Amino acid sequence: MSALEDIPDAPHPERVRMRFLQVGEDRAVKEARVLAGTTIFDAASWNGVAIDSTCGGHGTCKKCKVKVVSGHAPLSAVDPRAFTVEELKNGWRLACRAAVQEDLTIEVPPLQTRPKAALVGVGRHVILRPAVQKRYVELDEATLEDQTSDLERLLAAMDDIEPRVTLDIVRELGGTLRRADWKVTAVVADDLLIDVEPGDTSGRRHAIAFDLGTTTVVATLLDLETGQPQAVQSILNAQQPFGADVISRISAIMMDDGALEMLQRHAHETLQKLTDEVCEEAGVEPDEVYEVVVAGNMTMIQIALGIDPEPLSMAPFTVVARRMPQATAADFGVRVHPRAPAVMFPALGAYVGPDIVAGILATGITLDRRVRLFIDVGTNSEIVLGSSAKTLATAAPAGPAFEAAQIRCGMRAADGAIEGVKIVDGNVELAVIGDVDPIGLCGSGLVDAVAELVGAGVLDHSGRFVLGSSERLGKLGEENVFYLSDDVFLSQRDVRELQFAKASIATGWTILCKDLGLEPGEISQVLLGGSFGSYLSAASAVKIGLVPKLPLARILSAGNVAGEGAKIAALSVTERAAAHAILEEVEYVELSGRTDFNDLFIDQLQFPA
C-alpha cells in the first residue's frame, strides 16, 4: 500500500477518523476526519474516494458495498436485503446507509473505471475543412526604412485571412518574431489568431473530440492535417458516485451547496485524464491541440461549465441557452493550448440536447429522403424520426433499467457481466464479458434474458413468470426469480423495470409516427445509438417491443454517434454550421403535456405476441 496520508491527532470530540483502504491497482490508503453521523458514502465522496453507486447514495441501488475492517458500523434496515448473514457478520455494509459514529477502517472494492463502451459509430465522409489553420511566413526584418509594425507585417503576409487579434498575442509577438529570425507560423482558429509559433510548425495541428456522457466519456485525438484519428480512449465519468442518471446528479446539487463545484471538478478531472492519455498514446504535445469539441447532454454540459442545472429538472424544463456563448478548453478544465477554443453543439431542448444534435449531424437524418428512426437508448432516451422533408425529436424518461442500475443483479458492462443470453431447448447459454464466471447482468444481457424468456414461454406477454415452466424458476423471499447462473438471477421486479423502460421509448416513437402521419412499417431504418444501443441485439429489441416490428436488416447499431458528430464538427466548419441549422430543421415534441401519452404507454407495457 502507498504511504499513509497522516492527519495530526488534534482533539475533535465531534469528529471521527476514517481510514479508507482502496482495493485496486494502486492499493491506495487515505485518511480523513469527518463529522460524527456522516455516512461512509458521503465521507468517501467528499474526500476523493470513489465508491460504486448508481442511485447517488439514496439506498435504492444497493451497489455501494464496503467492508468495515476495524471499528463498528450498525446495521441499517436495508443491509439485510443486500447481504447474506455471513457477509453482515464479516462487516459488509451499504456505504450510503452506514452513519459513522466512531473511528473506522473501511475496505473499498475497486470501481470499474473502464466499462465496455462504443468508441466509434455511424458517421459520414466530409470534406476536410477544419477551423484550425496554420500559415508559415517568412517576414522581412524591420529597418529604419521600413518601420511597419510587427502586427501589420504579419497580417499582410496572410492576405487570404483576416483574423481577430487579442492583446495577449500582441504582448508576445515582438519577442517571438525576433527570436525566430522573422520565420514564424501563425495559428488561427476560425477567425481568431491564437498563437504565433517560432519556425515552421504548419504540419502539426490537432483537435480533441469529446463525448461527455453521463456514464462514459470518450475522447478522440484528431490530426487536422489528414483528418485521421490518432488515438481514442474512454473512461467512466468520475461523477458516477453521485448517481447513474442526470436527475440524481441534479438532486445532489439541489441538496448541497458545494455539490455543483465538486461535480464540475469531477467532470474536469475526467476530461483532463482522457486528454493526457490520448496525447501520450499519439506522441502529441498538449499545446499542439488547438481546439476541443464537446458533445454531451445538456445537464453534463452545464455542470462542466459550472452552470446550475436545476431548471432542467422541473417544469417547464428550460435550458440556460440553446446556443452557448463562446468558451475555451480551459472552461472545461482541459489543459491543451492555453487559447484553444471549445466548440459546443446547440440544444433542441432540456432533454434533447447537444449530444443528440451531434448524432443527427453524424447520421444525416435531416439530409436523407428515407424515413429513419434514431433512438439513443439510456436512462433518458432521445428519439428522432423523420427525413429531409420533416423531422421530429422527443425524449422518453426510460429510467435506469438499461443501465442495469435498479436491477437486482445489475452491473455495468465490465468483466463478469452477462451481456448475451440464449435459451435453446431449455438450456441457458450465456455470453459473459471477459470470458469469466458471471457475477452480474448488464443492460444488453437484461434485454436478451427477457426476450428469450418470453420466447421460451417462461414469461407471459404481461411480463409475469409462468410458474412451473422451468426448473430454474425459484423464489427469493416472496418474489419469483429466474436463475441465469448459480449467483445471477432475474427477478419479477427486474422484468417490470424493463417493461416500464421499453414502454416509455415505444410510446415516444409511436407518438412521433402519429404526428408525422406514418405507420411504423414505413420506417426504412432504425439506428440504435449510445454505448448500450451498440451492444443491443436487434432481434431482442424487436421481441420485447422496444423498436418497431421490422425486418432485422433494417435495425442497425449506430454506436457512439455523438462522438462521431463531435469529430465531424472538428474536421469541417461547413458541417459545424449545419449542426446549428438543425435547430431550424428539427421540431421538438414534449411528451409530458400529451393527453394521449398515458393510454399509449399502457398499451406498450405488454410484450408483443
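Use the structure listed above.
To keep things clear, this report deals only with the structure shown in the data block.

Details of the sheet that holds strand 19 (residues 427-432)
And then number 1: Read across the open sheet, the three strands follow the order 19-18-20; overall the sheet is mixed. Of all the strands in the sheet, the pair left with one neighbour each is strand 19 and strand 20 (440-441).
And then number 2: In terms of strand pairing, strand 18 (residues 417-424) meets strand 20 through two bridges, oriented parallel. Looking across to strand 20, one finds that I418 is bridged to L441.
And then number 3: Across the sheet, helix 10 (residues 443-455) is in contact with strand 18 and strand 20; its angle to strand 18 comes to roughly 15°.

Considering the packing of helix 9 (residues 354-363) against helix 14 (residues 561-571)
And then number 1: Interhelical geometry of helix 9 versus helix 14 gives an angle of 75° and a closest axis separation of 7 Å. As summarised for this structure, helix 9 and helix 14 are arranged roughly perpendicular, according to the angle between their axes. Counted together, D355, A358, G359, L361, A362 and T363 of helix 9 and V561, A562, E564, G565, A566 and I568 of helix 14 form the full contact between these two elements.
And then number 2: Its residues assigned to classes, the contact of helix 9 with helix 14 shows seven nonpolar, three polar and two charged.

Quick look at the nonpolar core
One recurring pattern in soluble globular proteins is that nonpolar side chains are buried together.
And then number 1: Ranked by size, the top nonpolar core spans 85 residues in total, and within it I208, F210, V292 and F345 carry the most contacts.
And then number 2: For this core, the element with the most residues is helix 7 (residues 259-282), which contributes nine residues.
And then number 3: With 64 residues, the next largest nonpolar core counts L385, L441, L550 and V589 among its residues.

Concerning helix 11 (residues 492-516)
And then number 1: Between its first and last C-alpha atoms helix 11 spans 36 Å; for 25 residues at 1.5 Å apiece the expected length is 36 Å, and the two agree.
And then number 2: Across the 25 residues of helix 11, 18 count as buried, placing the element largely inside the fold.
And then number 3: Just downstream of helix 11 lies G517, where phi reads positive at about 70°.

Concerning the state of the cysteines
And then number 1: Going through the model one piece at a time under the given rule, you end up with zero disulfides.
And then number 2: The thiol of C64 is not disulfide-bonded; the next cysteine sulfur, from C96, is found 3.7 Å away.
And then number 3: Take C442: it sits in no disulfide, and the sulfur closest to it among the cysteines is that of C409, at 13 Å.
And then number 4: By relative accessible area, C442 is classed as buried at 4%.

Calculation criteria
Residues numbered from 1 in each chain as written. Predicted model: local features only at pLDDT ≥ 70, side-chain atom pairs only at ≥ 80, totals over all residues. Heavy atoms only, no water. Pairing = 2+ DSSP bridges. Helix = DSSP H or I, 4+ residues; strand = E, 2+ residues; numbered from the N terminus. Contact = heavy atoms within 4.5 Å. Axes fitted to C-alpha atoms, helices over the stretch in contact; angles between N-to-C directions. Parallel < 35°, antiparallel > 145°, perpendicular 65-115°, else oblique. Nonpolar A, V, L, I, M, F, W, Y, C, P; charged D, E, K, R; others polar. Core = buried A, V, L, I, M, F, W, Y, C linked by side-chain atoms within 4.5 Å. Buried < 20%, exposed > 50% of the residue type's maximum accessible area, 1.4 Å probe, protein only. Expected span 1.5 Å × (residues − 1). Disulfide = S-S within 2.5 Å.

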